[in-house]
Amino acid sequence: MSTPELVTVTIDGRQVQVPKGMGLVEAAAAAGIEIPVFCYEPRLGPAVGACRMCLVEIEGMPKLQTGCSTPVADGMVVHTAQSSEQAARGQSATMEFLLLNHPLDCPVCDKGGECALQDLSFRYGQGKTRMTFHKRSLEKPVPISPTIALDRERCILCYRCTRFSQEVAEDEELTAVNRGALSMISTFENEPYRGPFSGNVTELCPVGALTSTQYRFKARPWEYEQAASVCGLCPVGCNVTVQSREGKVQRVLSRNHPEVDRGWLCDKGRFSYPHLYSEERIVTPRRRGARALEELDWEQALEELAGMVERASGGVVLALSGSETLELAYALAKIVRQGAGSDRVVLPEQTSDALDPFRVPIAALAEAEEIVVFEDCPVLDRAPLLELWLKQARRNGAQVTRIGPSGDIQRAHGEAALACRELAEKGNALGKRLRAAERVILLWSGGGSAGGTHLAALALTLGLNEKKGSGALLLPASPNARGVAEAWAAAGDEDRQPKQIGLLIVSGDEAASDPQVRQLAEHARATVALTLFAGDSGEWADLVLPATSYLEREGTMRNLEGRLQRLRGATGSPVRSELSWLVELAVRLGVALPGSEAALFAELSAQALDGISLSALGERAPLLPHGEARTFEIPEAEEPPILLGGPLELIRYRALFSGPEVEHVPELAFQRPATEIEISPEDADRRGIADGSDVVVRSNGTRVTLRARINAALLPGMVRAAATHTSELARGVEVSRP
Amino acid sequence: MAKTASPVLVLAGAEAGDLRALEDYRRAGGYASLEQARKLGSERVIAEIKESGIRGRGGAGFPMGQKASFIPAPEKTAKPIYLVVNADESEPGAFKDREIIERVPHRLIEGMQIAALAIQAEACFIYIRGEYLTGSEIFAAALAEAEAAGLVGIPITVHRGAGAYICGEETALLESLEGKRGQPRSKPPFPALVGLYDSPTLINNVETIATVPKIIELGGAAYAKIGVAGSTGTRLFSLSGNVVRGGNYELPHGTTFRELIEDCGGGISEGRKLKAIIPGGSSTPILGADQIDTPMDYASMEKAGSFIGSASVIVIDDRACMVQLALRLTQFYMNESCGKCTPCREGTRWLEMILRKIEEGRASRAELDLLLDVCDRILGNCLCPLGDSNAMIVASYVRHFRAEFEAHVEKGGCPVAATSSLTGVRSPVDELYRGRVGQEAAL
Amino acid sequence: MVELIDEIRAVADRYPERKSAVIPALRLAQEHYGYLTSEAFREVAAALGTTPAYCRGIASFYDMFELEPAGAHTIEICTNASCALVGAAQVLEAFERELGITAGETTPDGRVTLRSAECLGGCGRGTVVAIDHRYREPVRPEDVPAIVEELRRG
Ligand SMILES: Cc1cc2nc3c(=O)[nH]c(=O)nc-3n(C[C@H](O)[C@H](O)[C@H](O)COP(=O)(O)O)c2cc1C
Ligand code: SF4
Ligand code: FES
């Protein structure tokens, strides 16, 4: 792209050169001058000019203009309220009108201290009211969902929230109703705002109208300790600020990384933190006693653990969750590989470096012309933020083609690799379009990827490595699958496979709930689990050690772009950090384990990450350069599995609002996956199933009752349901009326 | 100027009734201009319109030819071009577009086809206010007839509104037509470049478009000779209020109020005295009885301190209480404010509360000053002219009739309550707001 | 019988973008259900690929949509400037007397809803009264009993 033309504008007597077409608010900011705004928020689309706070005088124009919606022109002479009496009058008028009906409840308002209206009235307000009538009084606050409260009296009708709902999330669930002074923000009747990105409106609202119910009356913004961290719940790794007070997390806010999240968060990332304080969380070590699990102190627990490892030397197996940090995975890997002479691991999923040459920032989606999503598993459930980027891309004019069981191009579950091959073929129509386009991005959301090699092969055929702004990304099932694999590999290079499992070490709740791990546990002589909740492991582990959450951890993760990002945990945790006791364990086992996360990272980096330093990652981590594209052996596409149990293939996916972090937050219960099963109209018709009716799903003698939802986009022969409700079923099922 | 001598253009041929039937319209020379326009081609048609000097009849008075020439040529834009006709007519006092639709619908259709041809539009839309049910049926019937006769080369879609004055504002109209809440857009960009579905769009008033066939018939230059310089052509004046014969009268620009009210309207009803004139629809500042000889053209009206607006003349006799009138009209603006921008949404409501307090005799002198200051704080700060209009007219009522406002304050009530023609008048605001949002005055 | 959803889809086909059909679709739904019920919003939303919340946001912006049950007939009296000057207040009062209700209400038998209205566009022939959206102009207080009688019967 060519460098944009520069124009010169004069704002309050200061000359600045800015790119042509830039908005006045930004141009003024470049000149160090603030034009106050309420409704303006560039991430919500073009300026709407609603609040009239940004009025400025422009020489040659008789009327005041809105700074937010006026682009600069060469030679423009602008006076803000700081140098124009007319503009100052306009602004003070707007302030007066906004405050006419605004309640004086700042002392009990959660927004106090970070409220744009409070700040601007302090600076521009008159300090007294001329309003001699009763202020508007409305019921307050009303819940618009279990997580968000709306106080309509405080609302200044800037329409940021409704624009978010309409223009960004495109869920159209939060809208304005009525007209004029009766206008108000509302959901439909009393239905909750269910959109999975709803929480963003609490940050967008410039006043205390939309607030988080979890945060209500918890603290004042100036009392916080802040940590610049990243969310550890999915492979996007949205940048967040974790705010805590007296060692307790009070809320999680977005921390705009323009290449990753643009300042948006999904509701799982925003509202899950109360899991930390769930009564069911394990805070002390437990050992299987005669009848149940009994608590023991750390000294005893470490003693016991060291003994278990020593006794099982050469026969230890490590099962790692994809949610562990590189550091924790590396420390555990060292203990197992170097301390116990064992090299068997269960990794969360298959990974490879084949896609590295095709890395692009997630933000490149917004500029793409063509996007193809191989969507065996819904993108929203794997990497929610990408769904917002895909919407943005479509609004920007991109062609988004989804290939999968309910895609624009319908393909059976598990046929993504075949579809990939077809696109690579010369005559394929979509393939031709992709070759012709400048900026193409391929996404793979689902299993059977062979670590991304199928996708990499297609990307190479299409020459995406040579097209700027093009790339291919794999959406792993867990937040740091790739990093965990790298950490394991960096801790040793031997391959000693135990004949018998003397000890199974299960790290993380995700691994603990994996059926494969569970099977291993049955064969293991002993098991130890590091988990947040007793949940699954409580039933079979001999020793359960309390784990910390991603919100409490220091460390790094590699997200789906390959970006290494730092977790900087909030201070204070009811649980001892893993590293603090792993170091003691390492001493007992004679393993040299550095005593801090930073030192662990340095060692790991020297081994496996080209020696990159933590400081190079910074607060907003860059996407580091990558190697050249190369050809490689493309694995055979997997054969579609033979269905056992029934004629319909059950597609089971891990729903966004599932997993131990979500399940321990009561406010998120309304978002938990509906007890539904999607079925195609053909299959429903054949079985006489009506939309919304109860159906029995069965296989191999197991049966569950779910509600049928007819999905016209779904390929016949497939049914789809959240894993939460179908864990006991086989892949082949039959669905029938009860 | 005697009214018999003035040319009738927009309503030509319908003097005695209507030209709803295609056959009748044809007999009056209908659709000849369309044929003529096809021969002239896009550029020449725009040139004629420019030369005619016609200014928009919707209220703002922007020259139509100039607006049409802002529309990019089809080869310069990737988007389709649209023509939108504004038939939302909801301005208190205005009922001329309805007259055109109901009496000469084909002239409107013909005008749409010519204008669409001029800007090389792909499709036309007509946005008719929802309340004009009969009008929309008459138009739809005429359209069907014209379509059947092969006269509609560029398709026309009839879109009925659903009751919101603001949808007459052109960008709010576009939003409404796109299926959104009818809230005005921030300009620029102007609809000529980014209009309906973000495509280049020409928006004109019904009367403007219905004049186009006559411009083509007479030629732009000949048309420009009618009326006065800067205000060419005829105008459909909507006359209402306390006159003997209310109605629409087509007269050339430059005709005086006196000619309209006395010659056409038969004077003030019941032999009463003229008190004031609302000259161009409710949104234009009021004029005193002494201004009755002002010619109705753009320049003279501005000199008189008001606007020709939608040429809707409301005659007010000496019984009316001007505070009541200001209040009733303010209730209209408050009710019709779309709620998007702050000064209009909050300001019109505040004005209404203060005016009511004054009318009920509960206000202090300071509150009369506050009223004017609030007007001043609304004016010029709004997103669209709706809020500005309210502020402007209220200020004009106080300016012209200050003594009446002061008398309300001093006497603790309306001094003419017993005889005012407006006493007891209510508005939808009374039904919508009272009690619901706690409007009762305090203190 | 043509299904409401098909009618709505047919209207939507007339526009370049289907959301444009929201107003006509809501009008059809209102005719179908009498007023805009939850069900009506859901159906319109489904037919146009939007949400009931969106549709309600639109409906509540415009005056002509009924969000609550209204009478079988509606009487709307313009009380804006031109009509007010020629006696709209008296016409409205006459209707109130005759119907025994206040503007904004519906008769207990559910037959008639009475409302004041903003300018209806018949200013030269005030007072304008719209009965089921058909104009009567001018209406004077003395005409009111006959009109009410007509509605009671019809
Ligand atoms: C609040 C408001 C209401 C308006 N109502 C109408 C209307 O009902 N009909 C109309 O033609 N123009 C109306 N206008 C003017 C339009 O915005 C626009 O100027 C006009 O349709 C352009 O057509 P013209 O140039 O032919 O007049 C209104 C403007 C405002 C600010
Ligand atoms: S709730 Fe907040 S964000 Fe929404 S319109 Fe009101 S002030 Fe703006
Ligand atoms: S910030 Fe410009 S109008 Fe709101």
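Residues numbered from 1 in each chain as written. Chains lettered and ligands numbered in written order. Predicted model: local features only at pLDDT ≥ 70, side-chain atom pairs only at ≥ 80, totals over all residues. Heavy atoms only, no water.

Right, let's talk about the packing of aromatic side chains for a bit. Scanning the model with the defined rule gives 16 aromatic pairs over all chains in all. Ring geometry for tyrosine 25 of chain B against tyrosine 31 of chain B: centres 5.3 Å apart, planes inclined by 90°, an arrangement best described as edge-to-face. Across the pair, exposure class does not vary: tyrosine 25 of chain B and tyrosine 31 of chain B are buried alike. Three or more aromatic residues link up through ring pairs in this structure, and these residues are Tyr82, Phe125 and Tyr197 of chain B together with Tyr15 of chain C. The ring of tryptophan 298 of chain A is capped by arginine 576 of chain A, whose NZ or CZ atom sits 5.3 Å from the centre of that ring. (Phe/Tyr/Trp six-rings, centres within 6.5 Å; stacked < 30°, edge-to-face > 60°. Buried < 20%, exposed > 50% of the residue type's maximum accessible area, 1.4 Å probe, protein only. Lys NZ or Arg CZ within 6 Å of the ring centre and 35° of its normal.)

Take the site of ligand 2 next. Of all residues adjacent to ligand 2, which total 13 residues, the nearest are Cys155, Cys158, Tyr159, Cys161 and Cys205 of chain A. Taken together, the residues that form the shell around ligand 2 break down as 12 nonpolar, no polar and one charged. (Near = heavy atom within 4 Å. Nonpolar A, V, L, I, M, F, W, Y, C, P; charged D, E, K, R; others polar.)

A few words on the interface of chain C and chain A. On the side of chain A, 14 residues touch chain C, which itself brings 15 residues to the contact. Summed over both sides, the interface of chain C with chain A buries roughly 1,200 Å², with 47% coming from carbon and sulfur. It is Ala53, Arg56 and Phe61 of chain C that lose the most area in chain C upon contact with chain A, and together they represent 39% of the buried surface on that side. At the boundary of chain C and chain A, one finds three salt bridges. Between arginine 42 of chain C and glutamate 191 of chain A there is a salt bridge whose closest N-O contact spans 3.0 Å. Here chain C and chain A share 11 residue pairs in polar contact (both at pLDDT 80 or more) between them. Looking at the side of chain C that touches chain A, the elements with two or more residues in it are α3 (38–48) and α4 (52–59) of chain C. Residue contributions to the side of chain C that touches chain A peak at five residues, all from α4 of chain C. (Contact = heavy atoms within 4.5 Å. Buried area = accessible area lost by both parts, 1.4 Å probe. Salt bridge = Lys/Arg side-chain N within 4 Å of Asp/Glu carboxyl O. Polar contact = N/O pair within 3.5 Å; in protein donor to acceptor, adjacent residues only side chain to side chain. Helix = DSSP H or I, 4+ residues; strand = E, 2+ residues; numbered from the N terminus.)

Looking now at the pairing of strand β27 (residues 564–568) of chain A. All names here are of chain A. Taken across its five residues, β27 has four buried, putting it largely inside the fold. Pairing between strand β26 (residues 554–558) and β27: five bridges, direction antiparallel. From the neighbouring strand, glutamate 554 faces β27, where its bridge partner is arginine 568. Count of turn residues in the β26/β27 antiparallel hairpin: five residues, of which glycine 562 carries a positive phi of about 95°. (Pairing = 2+ DSSP bridges.)

Bringing the pairing of strand β9 (residues 274–278) of chain B into the picture now. Residue and element names in this part refer to chain B. Taking burial as the measure, the five residues of β9 include five buried ones, the bulk of the element. By the bridge criterion, two bridges tie β9 to strand β10 (residues 287–288) in an arrangement that is antiparallel. Its bridge partner being in β10, alanine 276 is matched across the sheet by glycine 288.

Residue and element names in this part refer to chain A. One open sheet holds the seven strands; their spatial order is β15-β14-β25-β24-β23-β16-β17, and the pairing between them is mixed. The strands lining the two open edges of the sheet, one partner per strand, are β15 (293–295) and β17 (344–346). Neighbour-to-neighbour, the strand axes of the sheet open up by a mean angle of 20°, direction not taken into account. Bridge analysis of strand β16 (residues 316–320) against strand β23 (residues 503–507) gives five bridges, and the strand direction is parallel. Bridging from a neighbouring strand, valine 317 pairs with leucine 504 of β23. (Axes fitted to C-alpha atoms, helices over the stretch in contact; angles between N-to-C directions.)

Turning our eyes to something else, we now look at empty space enclosed by the protein. A water-sized probe rolled over the atoms picks out the places where empty space is left. Residue and element names in this part refer to chain A. The full count for this structure, using the stated rule, is 12 cavities of 30 Å³ or more. Considering only enclosed or pocket space, the largest cavity measures out at about 250 Å³ in volume. Around the largest cavity, the lining is made up of 20 residues, and of these Ser352, Leu355, Leu474, Arg482 and Leu560 lie nearest the centre. Of all the secondary-structure elements, those providing two or more residues to the lining of the largest cavity are β22 (471–475) and α14 (481–490). The leading source of residues in the lining of the largest cavity is β22, at three residues. Here the lining of the largest cavity is composed, by residue class, of eight nonpolar, six polar and six charged. (1 Å grid on protein atoms, 1.4 Å probe; cavity = no way out; pocket = protein on both sides within 12 Å on 5 of 7 lines; lining within 4 Å. Points joined across faces, edges and corners; volume = space filled by probe spheres on them.)

Residue and element names in this part refer to chain B. Considered domain by domain, chain B is made up of domain 1 (22–225), domain 2 (234–317) and domain 3 (322–441). Here domain 1 and domain 3 have C-alpha centroids that lie 35 Å from each other. Facing 12 residues of domain 1, the contacting portion of domain 3 comprises nine residues. In this assembly, domain 1 packs against domain 3 so that about 860 Å² is buried in total across both faces, 71% of it on carbon and sulfur atoms. (Domains from an automatic or database assignment.)

Attention now goes to the site of ligand 1. All names here are of chain B. Gly58, Asn86, Asn204, Asn205 and Thr208 are the nearest of the 18 residues found near ligand 1. Within the contact set of ligand 1, an oxygen atom lies 2.6 Å away from a backbone nitrogen or oxygen of glycine 58. Note that an oxygen atom of ligand 1 is positioned 2.6 Å from one of the side-chain N or O atoms of asparagine 205. Taking 610 Å² as the accessible area of ligand 1 by itself, protein coverage stands at 91%. Among the elements that make up the shell around ligand 1, the one with the highest residue count is strand β4 (residues 201–205) (three residues). Grouping the constituent residues of the shell around ligand 1 by class yields four nonpolar, eight polar and six charged. (Areas by Shrake-Rupley, 256 points an atom, 1.4 Å probe, with all protein chains shown as cover.)

Side-chain pairs of opposite charge can arise where the charged atoms are in close proximity. Taken as a whole and assessed by the stated rule, the structure comprises 87 salt bridges over all chains. Arginine 433 of chain A is the salt-bridge partner of glutamate 370 of chain A, the closest N and O atoms lying 2.8 Å from each other. Of the two residues, glutamate 370 of chain A is situated in strand β18 (residues 370–375) and arginine 433 of chain A in helix α12 (residues 429–436); the sequence distance between them amounts to 63 residues. Residue glutamate 370 of chain A is classed as buried on the basis of its relative accessible area of 7%. With a shortest N-O distance of 3.7 Å, arginine 125 of chain C and glutamate 137 of chain C are connected by a salt bridge. Here glutamate 137 of chain C lies in the loop between β4 (134–136) and α7 (144–153) and arginine 125 of chain C lies in the loop between β2 (112–117) and β3 (129–131), a separation of 12 residues in the sequence. Through salt bridges with shared partners, one network takes in Asp105, Lys140, Asp151, Glu153 and Arg154 of chain A.

All right, on to the confidence of the model for chain B then. Of all residues in chain B, 97% have pLDDT values of 70 or greater, and the mean over the chain is 94. Contacts from residues 435–443 of chain B, a stretch scored under 50 in pLDDT, to residues over four places away or in other chains number 24 contacts. (pLDDT = per-residue confidence, 0-100.)

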